[in-house]
Amino acid sequence: MKYTNLLTNVDQSLIKKRLSDFVPDEIYDIHTHPYHPAHFPPGTWDFLKDQGILGCNEHRLALQQYMPSKTIHGLYFGMPNKKADLQEMNGWVYEEVLMNGTSLSRSLRVVSPQDDRKHVAESLRTGQFIGLKVYHCYAARPDTMNASLTAYAPEWMWEVLDENKGVLLLHIVRDGAMDDPDNQKEIRRLCSAYPHVRLILAHVARSFNYRNARSGLYSLVDLDNVVVDTSAVTESESFAAALKILGPRRVVWGSDFAVSEARGRCVTTGEYFYWLHPETIASGHTPATTNEMTLIGIESLLALREACDDAGMTRSDMQDIFLDNALRLLGPHLPQSVAPLSDNGPERWKEAREVISGGTGLLSKRAEMFDETQWPAYFSKAIGCEVWDMTGKRYIDFAGGIGAVLLGYADPDVNAAVHRRVSQGSYCSLVNPQEVELARELLALHPWAGKVRYARGGGEAMTMAVRIARAATGRSGVAFCGYHGWHDWYLAANLGEQDALDGHLLPGLPPIGVPRELKGTSVPFRYNDVKSLEDALEALGNNLAAVVMEPMRSQFPQDDFVARVAARCREQGAVFVVDEVSSGLRYGFPGALSGMNVEPDLVVYAKAMSNGFPFGTVIGREEIMDAAGASFISSSYWTDGVGTAAALAVIQKMKRLPVQRMVWEKGVAFKENLVTIAAKYPACQLAVGGMPVTPTLAFQQEGSSLAMKKIFIQKMLSRGFLVSTSMYLMYAHEQRHIDLFLAALDSVLKEMEQELNAGSYDALAREQGGSQAGFARLA
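**Q** Would you mind showing me how to read helix α12 (residues 315–329) here?
**A** In an α-helix, one turn spans 3.6 residues; hence positions three or four apart end up facing the same way. Taking 1.5 Å of rise per residue, 15 residues should cover 21 Å, and α12 covers 20 Å from first to last C-alpha, within 8% of that figure. Roughly 55 degrees is the biggest bend found in α12, and it falls at I321. In terms of burial, α12 is a largely internal element, 11 of the 15 residues being buried. Along α12, the positions that sit buried rather than exposed are D317, M318, D320, I321, F322, L323, D324, N325, A326, L327 and L329.

**Q** How should the nonpolar core be read in this particular structure?
**A** Soluble, globular proteins show a tendency: their nonpolar side chains are buried together. W158, I187, L201, L217, L220, V228 and F322 are the most contacted members of the largest nonpolar core, which totals 111 residues. Ignoring anything within four residues of it in the chain, the contact list for W158 reads L149, A153, L168, L190, C191, Y194, V197 and L199. Judged by nonpolar contacts, the second largest core, of 104 residues, contains V414, F525, A536 and L648.

**Q** Any chance you could explain the sheet that holds strand β5 (residues 131–134) here in plain terms?
**A** In a beta sheet, neighbouring strands pair by backbone hydrogen bonds and run either parallel or antiparallel. In spatial order, the strands read β4-β5-β6-β7-β8-β9; together these six strands make up an open sheet with parallel pairing. What marks the edges here is a single partner per strand, and that holds for β4 (109–110) and β9 (251–252).

**Q** Sorry if this is basic, but what is going on with the packing of helix α18 (residues 530–540) against helix α19 (residues 561–571) here?
**A** Between two packed helices, the angle of one axis relative to the other and the distance separating the axes together describe the packing. Two elements in contact, α18 and α19, have axes whose closest approach is 11 Å; the angle formed by their N-to-C orientations is 20 degrees. Comparing the axis directions of α18 and α19 gives the class roughly parallel. Crossing of α18 over α19 shows right-handed handedness. Packed against α18, whose contacting residues are V530, L533, E534 and L537, the element α19 presents F561, R564, V565 and R568 at the interface.

**Q** When you look at the side chain of S207 in this model, what are you seeing that I'm missing?
**A** With respect to the helices and strands, S207 occurs in the loop between α8 (202–206) and α9 (210–216). Residues in contact with S207, not counting those within four places in the same chain, are N212, A213, V233 and S238.

**Q** Would you explain the packing of aromatic side chains in this entry?
**A** How two aromatic rings sit relative to each other is set out by the distance from centre to centre and by the angle between their planes. Enumeration according to the criterion identifies 26 aromatic pairs in this entry. For the ring pair F370 and W375, a centre distance of 3.9 Å and an interplane angle of 5 degrees mean the geometry is stacked. When the ring of F398 is compared with that of F721, the centres are 6.4 Å apart and the planes differ by 50 degrees; the resulting orientation is tilted. Of this pair, F398 sits in the loop between β14 (394–397) and α14 (412–423) while F721 sits in strand β24 (residues 721–722), and the two are 323 residues apart along the sequence. Since its relative accessible area comes to 0%, F398 is described here as buried. Through a chain of ring-to-ring contacts, the aromatic side chains of F398, F670, F721 and F741 assemble into a single cluster.

**Q** What am I meant to see in the sheet that holds strand β15 (residues 451–455) here?
**A** Pairing within the open sheet is mixed, and its seven strands lie in the order β15-β21-β20-β19-β18-β16-β17. The sheet is open, and its two borders are formed by β15 and β17 (522–524), each paired with just one other strand. Neighbouring strand axes in the sheet, compared pairwise and without regard to direction, differ in orientation by 20 degrees on average. Sheet analysis places strand β16 (residues 477–481) next to strand β18 (residues 544–549), joined by five bridges and oriented parallel. Within β18, the residue paired with C481 across the bridge is M549.

**Q** Help me understand the pattern of salt bridges, please; the structure alone is not making it clear to me.
**A** Where charged atoms from two side chains of opposite charge approach closely, those side chains can pair. Tallied over the full model, the rule gives 43 salt bridges. Ionic pairing is found between K655 and E441, a salt bridge with its closest N-O pair at 2.8 Å. Residue K655 is located in helix α21 (residues 641–656), and its partner E441 is located in helix α15 (residues 434–445); the two are separated by 214 residues in the primary sequence. Given a relative accessible area of 48%, K655 falls into the partly exposed group. Among the ionic pairs, R570 bridges to D601, the shortest N-O distance being 3.1 Å. Placement of the pair is R570 in helix α19 and D601 in the loop between β19 (575–579) and β20 (602–605), with a sequence separation of 31 residues. The buried category is assigned to D601, whose relative accessible area is 5%. Within this structure, R188, D222, E734 and R736 form a network of salt bridges that share partners.

**Q** Would you mind showing me how to read the side chain of N81 here?
**A** Mapping N81 onto the fold places it in the loop between β2 (71–76) and α3 (86–100). Judged by its relative accessible area of 15%, N81 is buried. In terms of polar contacts, N81 uses its side chain to reach the backbone amide nitrogen of K83, at 2.8 Å.

The rules we used
Residues numbered from 1 in each chain as written. Predicted model: local features only at pLDDT ≥ 70, side-chain atom pairs only at ≥ 80, totals over all residues. Heavy atoms only, no water. Helix = DSSP H or I, 4+ residues; strand = E, 2+ residues; numbered from the N terminus. Expected span 1.5 Å × (residues − 1). Bend = angle between axes of the 7 residues up to and from the residue. Buried < 20%, exposed > 50% of the residue type's maximum accessible area, 1.4 Å probe, protein only. Core = buried A, V, L, I, M, F, W, Y, C linked by side-chain atoms within 4.5 Å. Contact = heavy atoms within 4.5 Å. Pairing = 2+ DSSP bridges. Axes fitted to C-alpha atoms, helices over the stretch in contact; angles between N-to-C directions. Parallel < 35°, antiparallel > 145°, perpendicular 65-115°, else oblique. Left-handed = near helix turned anticlockwise from the far one by under 90°. Phe/Tyr/Trp six-rings, centres within 6.5 Å; stacked < 30°, edge-to-face > 60°. Salt bridge = Lys/Arg side-chain N within 4 Å of Asp/Glu carboxyl O. Polar contact = N/O pair within 3.5 Å; in protein donor to acceptor, adjacent residues only side chain to side chain.

Here's what the structure looks like:
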């Protein structure tokens, strides 16, 4: 391997063909080694033999040969080596950056465990260096490639860095790199103990073997003070793993200058990796074409571009990777004026209100349902039960996707199924064969049924079910219990009677836009109330087409209520329709009806059935589905393959794993703890209700309950939780997430009780507002 500053025709062709439109005009190189031969004994660096000084100017000129960037900033540090004169090398790097670096360029101090802590700390406090570069060669053992992390980055370095919000650039070792259990354990421990340290894991956490990245990077997801740099990695698979697992906000570009200016590349082989460069080729070898290799820096950029293209990264993502992520990372040590503009959620929500009716398509996601002044409103990434807002702030989410997700966000099995479908095409003139495969799965779970239909959401699937019932019976009346969507058949209950849906949806919903001619076609009844049911049936008389109900929501059926409803429905010759859109998979598998020994005529699923992808299905008795066959029920995107693939993956996973049982058991303990904590703070008047997996919280202060809800949401946000007074547990919620939530809840209620007792909230009744009431659905 040998440093060169000359490009070949092949290099030039690669740059023109593949890189000319990839790199932004301004970039920040987070990993660059200036070099001065005077700091090392002769022969220390063979690849730099006979090479003179390589400072900031040489660094920029070298990169600009293949990166057409007008401005190149750098984070500079010397080349770690046991033979190096560290004092001279560090001093020269500091002066070189001061004299020849850009105004935003900074330097790190190369340190060893034997260095004087006071001197190191002083060089950080004075701003001479903004952080430290450590390297395994300084570990006090002969086989330094097997050193533990603290053997060359001891605890005192972390303490000093934490005090100064310093940067630590770390090249981990051991064969497993980031997939090594000890490396994972130590990085997690140290980053948690020293949260102000800004850790850069060099070479995508030393993923020269890309297989280590594919598995090991998951251990970093919830460590908000860790990023990876791209330096000298030449396999797109490593970058693909980083972009998928950590996201583009956690990947920072670095060159590894001057290594970047040598020819070669690193390749994965088995559990290890191997560096190829021209000197490794046997002198007598005659290739079929050529032995020519391009620069490591060019190879790395090509691999990064391929990964970014495959992942669909945007120009904004490129801006983050090449510049803005570095500016955020180094923020405490740079002028505030260069900080990237922050995408403010509340501000974007105001803009959305101006251009999107209602701000967004789901009422329950509107910021006003939480706190329009502080609710982050928009996400940049969601994995498991954790959500990152547009500024990169991470939250643990107990709002649970407003009930639409059970497994967890970006579930790997569901995502893999969707990715396969999308990569093979999700829509064309022919039908997706997975429709038949999914239908077989659904019918096997519902042996009473004979056919299915597909939709792309719960509301439209419920409307489809009502149409089927009306077509099969030749009648139009619907008796219903619970919440069933926004469509005309449902809101018709409020025609001429504004409070008919009170307790089922939002109080006083005006049926604006619903044809007056539908008046009297939909009549509600209350859960566990037989008389209410009989009144609804009597009101509809001989026009009853269907009885529609949720099997349960916040209380269990009493005295076989659901079975009694089914029996009365059939006595009237109507279709019994069960809405499992919210309860399906969450209250039982496949739904809440599983434990009731009741068979419906039609059952509807959505939400958890596809875990965050658009999908809905109606499953019904063959004679009823066939009787409605002549009714025109058709839509193009009901045949899209994404929702079908997602639903199939969800069902297969839930058949393979006891997901529903495990979430329910977690929920039982969770709700018991909620009740215990709420009882500790009586002044808060917090009532805990709902099912174990969907508990609810209700502040019961007369005249100020909504304001109390707003304060509660704000305080939980400040502690890193997305939550409202309706919660949804997911399979992705681990015990550690639950424990953290319960601790935060205890802290918040304690604080609120103290403020209540001090009279801090006395004016709330006069200032009620800032948070809208949520769905007051039928209990």
